[in-house]
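# Breakdown of the fold
This is what each chain is made of:
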Amino acid sequence: MISFHTSVHLTISRNSKIKIKPSSCRVSPRMSVQQNPSSILSNITTLLWGQSIPPQLLISTARFAWTSTWRLMMSQLAPSDPSGGYTRPASQFRANFNSSQYSLKKSGSLHLYVSLPCPWAHRTLIVRALKGFEEAIPISIASPGTDGLWEFKNIHGHNENKLIPGLDNANGCKTLKEVYRLRRGGYDGRSTVPMLWDVNDKEVVCNESYDIIMMLNSDLNVFAQNPQLDLYPPSLKGKIEDWNSIIYRNVNNGVYRCGFAQSQEAYDTAVNDLFDTLEMLNDHLLCSRYLCGDTLTLADVCLFTTLVRFDPVYNVLFKCTKKKLVEYPNLHGYMRDIYQIPKVAETCNFAEIMDGYYRILFPLNPGGIRPIIPLGCAQEALLEPHHRESLSSANNDMNAYIS
């Protein structure tokens, strides 16, 4: 391939106007017309300014263009209120807890769609594992596509100790959006995970994560291998809901309120709410093994999926920078305690978590560079003894429940 090379004389006057005077034009084999855009742009800027910083006008124009584009992308990725605070859209398919129709279905008639980066989907994977629904409720694991859609891909390689993305095992679709459209009447709204699917009726049962883990805990016990495990005992219902009301706004959604804030005011409010709550939780867990005492509950599951992502993702990408989780000794030990419960670690795929945030959320990380995972999140660190069993007033070993 050949390209035209022009040598020039540059003159920059005091009023910053650039005068380009061509002196010769010749054919050169050194530049290919098939060069990638970044190389072409680099050649042009070197031609115009050499090693100098581009003129202020160009910088200002680029800043305005990028900021405008960023706000447009963020408005689609993260809807906000008038103050610039992130407003999470409501789930469109809620569970009907007054119906017993799903407890009467056959094993395998329900299918769970999830993704590994998503903390909301992670909740359902943990409860599914702890309750023993691996055979009764199969899963399909979607991966985030660069176009914003959840997609199913045949990823080569298998690790029986880790979940990995793959194909749609229920409907054979290429994207989750296609699955949603299979329901009666179709659907063109937000296609989110987790989503519980009725295989026989071709219908969305529920796509609200908390509803799904409530169903898995109690409504489908007939299919569970560990039906005796109750993560929402009636005696603790009030405490669980009190904790959830705090944790959801300030921690689970709080990290997103920080990362998706579109004004300084909104970010400041969110980050203060987040770290005030983390401080309170760290103090509480000094004398309590779990949030509600000796018993692991759904509140702990919901908190865990945010904590396990905190240092590798939220601390950096979502600007939750005041402290790392490892700087909270009680919270970090609590997170390791839950991670070491049988079957929980297998639901955590840190490579997929890191990719799903750093390489997909373009408005927050345009370069797509994934940082190295912190040492505190390495497998060896997460398996270090936590010694939190000493906080239990009774021998309440989770190993007795998990087969």
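To be clear, the structure that these remarks concern was listed above.
To keep things clear, this report deals only with the structure shown in the data block. (Residues numbered from 1 in each chain as written. Predicted model: local features only at pLDDT ≥ 70, side-chain atom pairs only at ≥ 80, totals over all residues. Heavy atoms only, no water.)

## Quick word on the overall build of the chain
Which entries qualify depends on this criterion: Secondary structure elements are taken from DSSP: a helix is a run of H or I of four residues or more, a strand is a run of E of two residues or more, and numbering for both begins at the N terminus. Residue exposure (1.4 Å probe, protein chains only): buried if accessible area is under 20% of the type maximum, exposed if over 50%, otherwise partly exposed. Residues count as neighbours in contact if any of their non-hydrogen atoms are within 4.5 Å of one another. Every accessible area reported is derived by Shrake-Rupley at a probe size of 1.4 Å, with residue values counting cover from the shown protein chains alone.
Per the secondary structure count, the chain includes 12 helices and 7 strands. For the chain, buried positions account for 47% of its 403 residues. In the chain, once contacts between residues fewer than 6 apart in sequence are set aside, the share between residues at least 24 apart is 69%. As displayed, the chain offers around 20,500 Å² of accessible surface, 55% of which is attributable to carbon and sulfur atoms.

## A short note on the pairing of strand β7 (residues 203-206)
What counts here: DSSP calls a pair of strands paired once it identifies at least 2 bridges connecting them.
Here 3 bridges tie strand β6 (residues 195-198) to β7, and the two strands are oriented antiparallel to one another. Bridge assignment links aspartate 198 to a residue of β7, and that residue is glutamate 203. Where β6 folds back onto β7 in an antiparallel hairpin, the turn is made up of 4 residues, including lysine 202, whose phi is positive at roughly 50°.

## Side note on the environment of phenylalanine 152
Of note, phenylalanine 152 is situated in the loop between β5 (150-151) and α4 (176-181). For phenylalanine 152, a relative accessible area of 8% corresponds to the buried category. For phenylalanine 152 and serine 115, which are 37 residues apart along the polypeptide, the C-alpha to C-alpha distance reads 10.0 Å.

## Details of the nonpolar core
In a soluble, globular protein the nonpolar side chains are often hidden away together inside. Our working definition: Among buried residues, those of type Ala, Val, Leu, Ile, Met, Phe, Trp, Tyr and Cys that are joined through side-chain atoms within 4.5 Å constitute a nonpolar core.
Within the largest apolar cluster, 104 residues are counted, with the highest numbers of intra-cluster contacts made by Leu278 and Phe318. Apart from residues lying up to four places away in sequence, phenylalanine 318 is in contact with Val255, Tyr256, Cys258, Gly259, Phe260, Tyr267, Val313, Tyr357, Leu361 and Leu364.

## Some remarks on the layout of surface pockets
Put simply, the rule reads: Cavities and pockets are found on a 1 Å grid laid over the protein atoms alone: a cavity is a set of points where a 1.4 Å probe fits but cannot escape, a pocket is an open set with protein on both sides within 12 Å along at least five of seven lines, and a lining residue has an atom within 4 Å of such a point. Grid points are joined across faces, edges and corners, and a volume is the space filled by probe spheres set on the points.
Computed from the structure, the largest pocket encloses a volume of approximately 1,500 Å³. Along the walls of the largest pocket sit 50 residues, with Tyr86, Arg88, Trp150, Arg190 and Thr192 positioned nearest its centre. At the level of elements, α2 (56-77), α3 (119-131), α5 (209-219), α6 (237-252) and α11 (350-358) are the ones that each hand at least two residues to the lining of the largest pocket. Of the residues forming the lining of the largest pocket, the biggest block, 5 residues, is contributed by α6.

## Looking at the pattern of salt bridges
The condition that has to hold: For this document, the term salt bridge refers to a Lys or Arg side-chain nitrogen within 4 Å of an Asp or Glu carboxyl oxygen.
Within this structure, the stated rule accounts for 12 salt bridges. The residue aspartate 188 makes a salt bridge to arginine 181 at a minimum N-O spacing of 3.2 Å. Classification of aspartate 188 by relative accessible area gives exposed; the value is 61%. The class of arginine 181 is partly exposed, set by a relative accessible area of 46%. Each of Arg183, Arg184 and Glu203 takes part in a single network of salt bridges with overlapping partners.

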